[in-house]
Amino acid sequence: MTALALPEGSNSLVKKHLSRKILTRLEHRKTDSGFTLAKAIRSGIKNPDSSIGIYAGDAQSYHTLSPLLDPIISEYHGFSKTCPHTSDITPIALPLIDPEGSYIRSTRIRVARNLKGFSFPCHMTLSQRKELEQNILVALRGLKDDLKGKYVSFEQMDDTAFQRLKKEGLTFEKGDRFQEAAGMNADFPKCRGVFHSDNNQLLAWVNEEDHLRIISLEKTSDISTVYNRLCRALPALNSRLDFAWDKTYGYLTSCPTNIGTAMRAGVHIRLERLASKKNLLQVLARRWNLQIRGTRGEKTRVENAIFDISNRQRLGISEFGIIQNLYKGLLAIIAAEKNL
Ligand code: ADP
Ligand code: CIR
């Protein structure tokens with residue numbers, strides 16, 4: 001058994017696609033920053049219940065480890081990298097899905113971004129994390145009008161302030177065991193923090209799973225307003241920051257499930273009746289290529305029948321395509337809930 005053996009019984013995509021042949025081909029490769037296959041699959045080795053089990057340590061990983069990453073990407077996104085990825089981040093106007101607020105509690109759209117020239121969070125030194133945080137802060141300070149706000153550094157935050165941010169759903173926490181095993185929690189909480197606009201509708205998480213998670217959210221079903229806020233924030237940040245991008249893989253992220261648009265658009269929705277008809281909900285979600293997560297995020301449980309429903313595919317689809325699927329899928333799910 002080689003040191004790179006993935007656990008018996010694991011159903012992760014990395015286990016499925018890391019054949020002996022690919023292992024032999026990749027085990028001695030290194031990116032310019034020194035990232036290797038062994039580092040990339042640490043999380044999958046440590047966590048037999050991983051669904052994916054691999055993270056990229058820098059932009060170059062997507063090319064250096066492509067014989068392994070490409071089949072994982074194709075299987076997850078249902079899309080092979082055959083044509084250039086195109087981005088379409090322009091304002092939209094869709095009617096409210098749930099004007100009475102009977103089902104949808106909140107809408108949240110996030111994109112992940114990493115900065116060109118820096119390794120990704122599972123493969124960074126403390127001094128790189130510091131430099132990155134400083135660059136990001138300069139860009140965040142440039143946000144204007146309703147987008148302007150303040151940055152709260154984890155190092156300076158006391159527990160009361162942290163609990164307040166947590167209660168309002170504005171902050172992230174130390175990474176879970178998947179991220180821990182990948183090396184993402186190194187030097188935590190140093191150089192981590194949360195920016196929130198004065199109205200708490202725009203957030204930027206710094207040095208979490210990706211250098212930046214840019215999030216637009218509010219407690220309504222108004223997908224257009226939430227999306228359009230992101231459409232304003234992204235170019236403003238992009239004018240000061242150079243994002244890691246590849247013409248076929250789109251925006252490059254730590255987890256291969258996030259490349260492409262790097263966007264997750266979703267709602268918290270209370271589905272009292274469908275909560276006891278999970279199979280029907282899964283059928284509807286699959287039909288619209290949607291993913292169901294727990295109330296407190298990925299790999300958490302559904303509390304009080306509040307589901308997190310969002311797009312699954314991020315590559316091979318435009319940002320607007322994601323919003324359209326989500327919109328139509330949610331209309332179908334709400335109609336099914338009403339009919340039960
Ligand atoms: P990510 O969105 O970064 O991929 P998670 O699934 O861990 O990862 O979600 C991050 C956080 O966002 C969690 O605390 C989750 O409860 C919160 N969240 C997700 N969707 C919504 C939503 N529609 N409204 C409010 N909070 C949400
Ligand atoms: C895993 O492999 O299970 C974790 N690293 C989580 C990856 C899943 N991410 C996702 O579905 N967006």
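Residues numbered from 1 in each chain as written. Chains lettered and ligands numbered in written order. Predicted model: local features only at pLDDT ≥ 70, side-chain atom pairs only at ≥ 80, totals over all residues. Heavy atoms only, no water.

**Some details on the environment of Pro 95**
Then comes step 1: In this structure, Pro 95 sits in the loop between α6 (66–77) and β1 (104–113).
Then comes step 2: The exposed category is assigned to Pro 95, whose relative accessible area is 56%.
Then comes step 3: Distance from Pro 95 to Tyr 327, taken between C-alpha atoms, is 9.7 Å for residues 232 residues apart in sequence. (Helix = DSSP H or I, 4+ residues; strand = E, 2+ residues; numbered from the N terminus. Buried < 20%, exposed > 50% of the residue type's maximum accessible area, 1.4 Å probe, protein only.)

**Quick notes on the site of ligand 1**
Then comes step 1: Around ligand 1, 15 residues are found, and the nearest of them are Ser 106, Arg 108, Arg 110, Arg 213 and Arg 293.
Then comes step 2: For ligand 1, a nitrogen atom lies 3.1 Å from a polar atom in the backbone of His 268.
Then comes step 3: Between an oxygen atom of ligand 1 and a side-chain N or O atom of Arg 293, the distance comes to 2.7 Å.
Then comes step 4: Here ligand 1 loses 80% of its free accessible area of 560 Å² to cover by the protein chains.
Then comes step 5: For the shell around ligand 1, the elements supplying multiple residues, two or more each, are β1 and β8 (263–270).
Then comes step 6: No other element matches the 4 residues that β8 contributes to the shell around ligand 1. (Near = heavy atom within 4 Å. Polar contact = N/O pair within 3.5 Å; in protein donor to acceptor, adjacent residues only side chain to side chain. Areas by Shrake-Rupley, 256 points an atom, 1.4 Å probe, with all protein chains shown as cover.)

**Thoughts on unusual backbone geometry**
Excluding glycine, residues mostly have negative phi values, and the peptide bonds linking residues are mostly trans.
Then comes step 1: Across the junction of Phe 188 and Pro 189, the peptide omega takes the value 5 degrees, indicating a cis bond.
Then comes step 2: Along the chain, the position of Pro 189 falls in the loop between α9 (177–182) and β3 (193–197).
Then comes step 3: Despite not being glycine, Cys 191 has its phi angle at roughly 65 degrees, a positive value.
Then comes step 4: Looking at where Cys 191 falls in the secondary structure, it is placed in the loop between α9 and β3.

**Section: the pattern of salt bridges**
Two side chains with opposite charge may pair up if their charged atoms get near one another.
Then comes step 1: Evaluation of the coordinates by the stated rule reveals 13 salt bridges.
Then comes step 2: Taking the shortest distance from any N to any O, the salt bridge between Arg 232 and Asp 146 comes out at 2.9 Å. Pair noted here: Arg 232 is in helix α10 (residues 223–238) and Asp 146 is in the loop between α7 (126–141) and β2 (149–153), with a separation of 86 residues, a long-range link.
Then comes step 3: Measuring nitrogen to oxygen at the nearest pair gives 3.5 Å for the salt bridge that ties Asp 198 to Lys 148. On the criterion of sequence distance, the pair formed by Asp 198 in the loop between β3 and β4 (202–206) and Lys 148 in the loop between α7 and β2 is long-range, its members being 50 residues apart.
Then comes step 4: Judged by relative accessible area, Asp 198 falls into the exposed class, the value being 55%.
Then comes step 5: What makes Lys 148 partly exposed here is its relative accessible area of 43%.
Then comes step 6: Beyond isolated ion pairs, a larger network of salt bridges with shared partners links Glu 209, Asp 210 and Arg 213. (Salt bridge = Lys/Arg side-chain N within 4 Å of Asp/Glu carboxyl O.)

**Brief notes about the domain arrangement of the chain**
When the parts of a complex come together, some accessible area is lost, and that lost area is often taken as the interface size.
Then comes step 1: Looking at the assigned domains, one finds that the chain contains domain 1 (2–77) and domain 2 (104–339).
Then comes step 2: Between the C-alpha centres of domain 1 and domain 2 there is a distance of 24 Å.
Then comes step 3: Contact residues are listed per partner, giving 27 residues for domain 1 and 28 residues for domain 2.
Then comes step 4: Buried area between domain 1 and domain 2, both sides added, is near 2,300 Å², and the carbon and sulfur share of it is 56%.
Then comes step 5: Taken as a group, Tyr 55, Tyr 76 and His 77 account for 33% of the area that domain 1 buries against domain 2, more than any other trio of residues on that side.
Then comes step 6: Remark: the boundary between domain 1 and domain 2 carries 1 salt bridge.
Then comes step 7: One salt bridge connects Arg 177 with Asp 49, and the closest N-O pair in it is separated by 2.6 Å.
Then comes step 8: Our enumeration of links across domain 1 and domain 2 arrives at 18 residue pairs in polar contact (both at pLDDT 80 or more).
Then comes step 9: Breaking the side of domain 1 that touches domain 2 down by element, the ones donating at least two residues are α4 (42–46), α5 (61–64) and α6. (Domains from an automatic or database assignment. Contact = heavy atoms within 4.5 Å. Buried area = accessible area lost by both parts, 1.4 Å probe.)

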